[in-house]
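# Tertiary structure, described
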Amino acid sequence: MSIPLEHNYIGLTETSSMERSSDKLSSSTSSTLSSEDGKTSALNLKQTELRLGLPGSESPERNSGPGVSLFGKELEDKNNGYSPSPLKNLVSGAKRGFSDAIDGSDKWVFSLSNGSEADLFSPGGGNGGKPSTQYSCLSATPNMKEAASVPQSPKPLQEKKPQVPAANEQGSAPAAKAQVVGWPPIRSFRKNTMTSNLAKNSDAEGKTGFGCLYVKVSMDGAPYLRKVDLKIYNNYVEISSALEKMFSCFTIGQCSSHGLPGRDGLNESRLKDLLHGSEYVLTYEDKDGDWMLVGDVPWEMFTNSCRRLRIMKGSEAIGLAPRAMEKCKSRS
Amino acid sequence: MDPKRKKDCHDSGESTRVASTFPDEVLERVLALVKSHKDRSSVSLVCKDWYDAERWSRTHVFIGNCYSVSPEIVVRRFPNVRSVTLKGKPRFSDFNLVPPNWGADIRCWLVVFAAKYRCLEELRLKRMTVSDESLEFLALSFPNFKALSLHSCDGFSTDGLAAIATHCKNLTELNIQENDIYDKSGCWLSCFPENFTSLEVLNFAYLNNDVNFEALERLVSRCKSLNVLKVNKNITLEQLQRLLICAPKLTELGTGSFLPELTDRQYSELKRSFSICSNLNVLSGLSEATALYLPALYPACTNLTFLNLSDAALQSEEFAKLLVHCPRLRRLWVLDTVEDKGLEAVGSNCPLLEELRVFPSDPYEEGIVHGVTESGFIAVSYGCRRLHYVLYFCRQMTNAAVETIVQNCPDFTHFRLCIMTPCQPDYRTNEPMDKAFCAVVKTCTKLRRLAVSGLLTDMTFEYIGKYAKNLETLSVAFAGSSDWGMQCVLGGCRKLRKLEIRDCPFGNAALLSGFEKYESMRSLWMSDCKVTMNGCRFLAKEMPRLNVEVMKEDGSDDSQADKVYVYRSVAGPRRDAPPFVLTL
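The structure reproduced in this document is the subject of the present report. Everything numeric here is computed off the predicted structure, so don't read it as measured data.

## Digging into the overall build of chain B
- In terms of regular secondary structure, chain B is built from 20 helices and 23 strands.
- A buried classification covers 62% of the 584 residues belonging to chain B.
- Relative to all contacts within chain B whose residues are 6 or more apart in sequence, the contacts with residues 24 or more apart total 69%.
- When the accessible area of chain B is evaluated, it comes to approximately 21,700 Å², of which 51% is carbon and sulfur surface.

Structure, rendered in structure tokens:
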């Protein structure tokens, strides 16, 4: 942190921090909050500098007339239609604290050299009196008509939160797609609920499993359905082998026709051929009622969204089967 | 402190004369019937006698900001309090804008209460930090303790709940709502003694661990006065059915998981159990509910006035079918999975609706997003003319829609519209959403709470200042063009009590324009605006009865006051502020 420089708003400081050239104005206000180390303290100065001019007086290097600007910006006369008069009021009817300042000089320029805050209400200058409320009019930020205006574009999350543009008719902010801290304003417990409802978060934070999760399993051509408890399996391989054991009685015939050894039950690799090969495809119906191919999503997500299973004949799953084959190959 | 009152003789002439002919005891009796805090405040200001009578007769004290007053001051003024409601952290702490360990610890309050309010019966806390030790202390210090409600609190674990269950022999209410706690296990429920029968309200819907179901079943059976039961998601439908048999007189029910996994026989038993519950006014839970089992609920919905489906991602069809059976609905909370079609059904079926909250199911757009639009809201407004409270999360809105809505429903008292993308304009005209909120404040003269969103210029705030004369709470995010906006609000909204602002271009001038105003408000929150440290220091200096607190963020400019929290206080600056809270 830089050493706070003595500053007062009655006079100028020696160092002519009056570098109020317009190029300063073009820098983004948002950089005030940014952690851009490349810029020097001059940047801070630019951003936080406050200049206060009385009506009719000219602040140094200021082209437009009266007005106060925060952050080194100029106040345009037509800004919100109240520029000079409040200042006049201030001059005439101002409470003690500021009238002293006014008497003290005809310029209330108040600026800082480097780093520290240039601020209208520095305690260094304040006397006891309260500022009048008209004072508040002084610091309207310039409207967007200015070319190099106050752009506060949303920043990515790394800066902790985006600066969103000051809104007005001219500017329309780019929608902040980056996540903003605390936005939308939803309670965190609600987020957990929603994500588990949508089965989007496979970590399922805060959501504990139920005791069991029985779903029906149907197989094309089989005379009856079965039910399996998804909770007792941990991955797709386990459930596949369980299913093949269950439905083995219906598939013996096909197995032999594949020329696979039919000894000691169907083993794992054969099961894949069976269920994911050209003969059968394992699909499931999810919460939305759509039929999905088993194996795409993480296991947790699958168990959260699966409502029933269907072992589909490959000939029916004409669009799915080839993909299933590829997937099978890529997984094994 | 001497419990006997001393009659304060004062020489304010007439008031003494009048008051002295009216025995104090009678006055106290009469005042005991005055319940509203605002009325009581008014009563206390009439004259000294009335102030005294009021303070002696007050049994419930509500403290909206725990740092605005000290426990010592409270107990000194109100010696006979039995019920305390305390709120702690600023509301934006709900959205992670307040770092942990900020404060609002109940401990110092409990210590003082234990000394002075031996008869304390009720404690309702919101956004306070409560430790297990505090809960145990509470359980042991107040023999008559009856009702504990913890809403959005943090700092405790289920061990603390176990202490409450173990020691509070007269407990009637245990309401653990939406807290951020360390959920170790469900054992706490088993800590209720077997001879404990006084429970009337039990809400553990947001705890995650399994409780011992048999213990719960026994508890529900023996607590004959139980009328509110909200269980967590781990309770299955089968278990729920058994609970319903034990407690058919429930008026408020929060189900566990509604996952359809019953046999047919179990399902018909469930239906039967619900049909016996003819007293249900409030229904919530229903997580994982699907179209399949919702019909079991239909018979229980006849007298429903509040339906909370914010845990149940229902689709429009099953939702519409359910609504047909809920003609008396007055409050409805849903997820936006029901979409506009579902809201049309609301408009068609719920003419008595007064409150609607639509929550986003996918706030971060991680999936394919539908949600609700302005049409749903419009449809509700046509059908539900009594609507006066709305909280609506959507992704698109138009000015015209809002104008129509408030024309249909001019009685809004709470209007909270959240267009989820910051600074989003009217999607049809690409204009700012100014006209929408202008219409709201102009038309809804009874408006007390307003939350704005979308692309907004100072015009919105000019209108708010000009028309929203009853506004008490205003929430602003990513809006406004200049200090003028905030100045208008501070200058125009006479009844403003809470102002919370984030990410707006309001700076020192705006902050300071509210000098005198802040003493009549509960609090002001400004985060990521353009306020500087010096501005805050100035405010603090000028207004000694305000606490001006600043929290800075890592890496921010030294001069910026990233988070500013200003509130009035008679207790002076906080003595327990953590290092990151700078009191100016």
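What follows picks up the thread again.
## Let's talk about the overall build of chain A
- A tally of regular secondary structure across chain A gives nine helices and seven strands.
- Counting every atom, chain A has about 15,000 Å² of accessible surface; 51% of that belongs to carbon and sulfur.

## A word on the environment of alanine 401 of chain B
Residues and elements named next belong to chain B.
- Residue position: alanine 401 is located in helix H15 (residues 399-408).
- The sequence separation of alanine 401 and isoleucine 378 amounts to 23 residues, and the corresponding C-alpha distance is 6.5 Å.
- Each residue touching alanine 401, except ones within four places of it in the same chain, is listed here: Glu374 and Ile378.

## Looking at helix H12 (residues 316-324) of chain B
Residue and element names in this part refer to chain B.
- Residues of H12 that are buried: Ser316, Glu318, Phe319, Leu322 and Leu323. One face of H12 carries all of its buried residues, which in axial projection span an arc of 165°. With respect to the buried face of H12, the exposed residues turned more than 90 degrees away are Glu317 and Val324.
- On its buried side, H12 packs onto strand E12 (306-308), strand E13 (331-335) and helix H13 (339-349).

## Section: the packing of aromatic side chains
Residues and elements named next belong to chain B.
- Tallying each qualifying case throughout the model produces 28 aromatic pairs over all chains.
- When the centroid spacing of 6.0 Å and the interplanar angle of 55° are considered together, the rings of phenylalanine 92 and phenylalanine 95 count as tilted. Across the pair, exposure class does not vary: phenylalanine 92 and phenylalanine 95 are buried alike.
- Here the aromatic residues Tyr67, Phe92, Phe95, Trp102, Trp525, Tyr565 and Tyr567 are joined through ring pairs into a cluster of three or more.
- Seen from the ring of phenylalanine 137, arginine 107 lies directly overhead, with NZ or CZ sitting 4.7 Å from the centre.

## Digging into the nonpolar core
- In terms of nonpolar packing, the biggest core is built from 182 residues, with Trp188, Leu202, Leu216, Phe412, Phe415, Leu450 and Ile464 of chain B touching the most fellow members.
- If near-sequence neighbours (up to four positions away) are discounted, tryptophan 188 of chain B is found in contact with Thr158, Leu161, Ala162, Ala165, Leu174, Leu202, Phe204, Leu207 and Val211 of chain B.
- Ranked by size, the runner-up nonpolar core spans 24 residues in total, among them Tyr233, Leu282, Trp299 and Ile311 of chain A.

## Some remarks on the packing of H13 of chain B against helix H14 (residues 374-383) of chain B
Residue and element names in this part refer to chain B.
- Between H13 and H14, the least distance of the axes is 7 Å, while the angle of their chain directions is 5°. Judged by the inter-axis angle, H13 sits roughly parallel to H14. In this structure, H13 uses Asp340, Leu343, Glu344, Val346 and Gly347 to contact H14, whose residues at the interface are Ser375, Gly376, Phe377, Ala379, Val380 and Gly383.
- Here the residues of the contact of H13 with H14 are counted per class, giving five nonpolar, four polar and two charged.

## A closer look at the pattern of salt bridges
Residues and elements named next belong to chain B.
- Under the counting rule described, the total for this entry stands at 33 salt bridges over all chains.
- The salt bridge involving lysine 89 is made with aspartate 154; its shortest N-O contact spans 2.9 Å. Here lysine 89, found in the loop between strand E2 (83-87) and helix H6 (107-116), pairs with aspartate 154, found in strand E5 (residues 154-157); they are 65 residues apart in sequence, far enough to count as distant. As far as burial versus exposure is concerned, lysine 89 and aspartate 154 are alike and both buried.
- Its salt-bridge partner being glutamate 553, residue lysine 563 comes within 3.6 Å of it at the nearest N-O pair. On the criterion of sequence distance, the pair formed by lysine 563 in strand E22 (residues 563-568) and glutamate 553 in the loop between strand E21 (546-551) and E22 is long-range, its members being ten residues apart. We note that lysine 563, like glutamate 553, is buried.
- One network of salt bridges, with partners in common, ties together Arg40, Glu54, Arg58 and Arg77.

## Considering the side chain of serine 310 of chain B
All names here are of chain B.
- In this structure, serine 310 sits in the loop between E12 and H12.
- Judged by its relative accessible area of 0%, serine 310 falls in the buried class.
- Looking at serine 310, its side chain comes within polar contact range of the side chain of asparagine 308, at 2.5 Å.

## Observations regarding the pairing of strand E20 (residues 523-527) of chain B
Residues and elements named next belong to chain B.
- Here E20 lies mainly inside the structure; five of its five residues are buried.
- Side-chain alternation along E20 places Ser523, Trp525 and Ser527 on one buried face and Leu524 and Met526 on a second face that is also buried.
- With five bridges joining them, strand E19 (residues 498-502) and E20 adopt parallel strand pairing. Residue arginine 502 lies in a different strand from E20, and its bridge partner there is serine 527.
- A crossover connection joins E19 to the parallel E20 through helix H19 (residues 508-513); in handedness this β-α-β unit is right-handed.
- Where E20 meets E22, five bridges bridge the pair, whose relative direction is antiparallel. Each residue of the ladder has a partner; that of serine 527, found in E22, is lysine 563.

## Regarding the environment of asparagine 235 of chain A
Residues and elements named next belong to chain A.
- For asparagine 235, the location among the structural elements is in the loop between strand E4 (226-229) and helix H6 (236-258).
- For the pair asparagine 235 and proline 298, spaced 63 residues apart in sequence, the C-alpha to C-alpha distance is 8.7 Å.
- A polar contact of 3.1 Å, which involves the side chain of asparagine 235, links it to the backbone nitrogen of valine 237.

## With respect to the sheet that holds strand E6 (residues 291-293) of chain A
All names here are of chain A.
- In spatial order, the strands read E4-E3-E7-E5-E6; together these five strands make up an open sheet with mixed pairing. Unpaired on one side and paired on the other, E4 and E6 mark the two borders of the sheet. Across the sheet, the mean angle from the axis of one strand to that of its neighbour is 35°, orientation sign disregarded.
- Relative to strand E7 (residues 308-313), strand E5 (residues 280-285) is paired through six bridges, and the arrangement is antiparallel. Each bridged residue has a counterpart across the sheet, and for tyrosine 280 the counterpart in E7 is lysine 313.

## With respect to the pairing of strand E1 (residues 60-63) of chain B
- The alternating pattern of E1 of chain B places Val61 and Ile63 of chain B on a buried face and His60 and Phe62 of chain B on a face that is not buried.
- As a crossover connection, the stretch from E1 of chain B through helix H5 (residues 71-77) of chain B into E2 of chain B is right-handed.

## Points about a nonpolar patch on the surface
- The grouping of Phe22, Val26 and Val30 of chain B at the surface amounts to a nonpolar patch, some 230 Å² of accessible area in total.
- Secondary-structure assignment places phenylalanine 22 of chain B in the loop between helix H1 (14-20) and helix H2 (24-32).

## Some thoughts on helix H11 (residues 264-276) of chain B
Residues and elements named next belong to chain B.
- When the terminal C-alpha atoms of H11 are compared, their 19 Å separation across 13 residues agrees well with the 18 Å that a helix rising 1.5 Å per residue should span.
- All of the buried residues along H11 are Gln266, Tyr267, Leu270, Ser273 and Phe274. Buried residues in H11, looked at end-on, bunch into an arc of 120°, giving them a common side. Opposite the packed face of H11, turned more than 90 degrees from it, sit the exposed residues Asp264, Arg265 and Arg272.
- Along its buried surface, H11 packs onto helix H10 (237-246) and strand E10 (252-254).

Calculation criteria
- Residues numbered from 1 in each chain as written.
- Chains lettered and ligands numbered in written order.
- Predicted model: local features only at pLDDT ≥ 70, side-chain atom pairs only at ≥ 80, totals over all residues.
- Heavy atoms only, no water.
- Helix = DSSP H or I, 4+ residues; strand = E, 2+ residues; numbered from the N terminus.
- Buried < 20%, exposed > 50% of the residue type's maximum accessible area, 1.4 Å probe, protein only.
- Contact = heavy atoms within 4.5 Å.
- Areas by Shrake-Rupley, 256 points an atom, 1.4 Å probe, with all protein chains shown as cover.
- Arc of directions from axis to C-beta.
- Phe/Tyr/Trp six-rings, centres within 6.5 Å; stacked < 30°, edge-to-face > 60°.
- Lys NZ or Arg CZ within 6 Å of the ring centre and 35° of its normal.
- Core = buried A, V, L, I, M, F, W, Y, C linked by side-chain atoms within 4.5 Å.
- Axes fitted to C-alpha atoms, helices over the stretch in contact; angles between N-to-C directions.
- Parallel < 35°, antiparallel > 145°, perpendicular 65-115°, else oblique.
- Nonpolar A, V, L, I, M, F, W, Y, C, P; charged D, E, K, R; others polar.
- Salt bridge = Lys/Arg side-chain N within 4 Å of Asp/Glu carboxyl O.
- Polar contact = N/O pair within 3.5 Å; in protein donor to acceptor, adjacent residues only side chain to side chain.
- Pairing = 2+ DSSP bridges.
- Right-handed = clockwise from strand over helix to strand, strands pointing away.
- Patch = residues over 30% accessible without salt bridge, like charges linked within 9 Å, V, L, I, M, F, W, Y side chains within 5 Å.
- Expected span 1.5 Å × (residues − 1).

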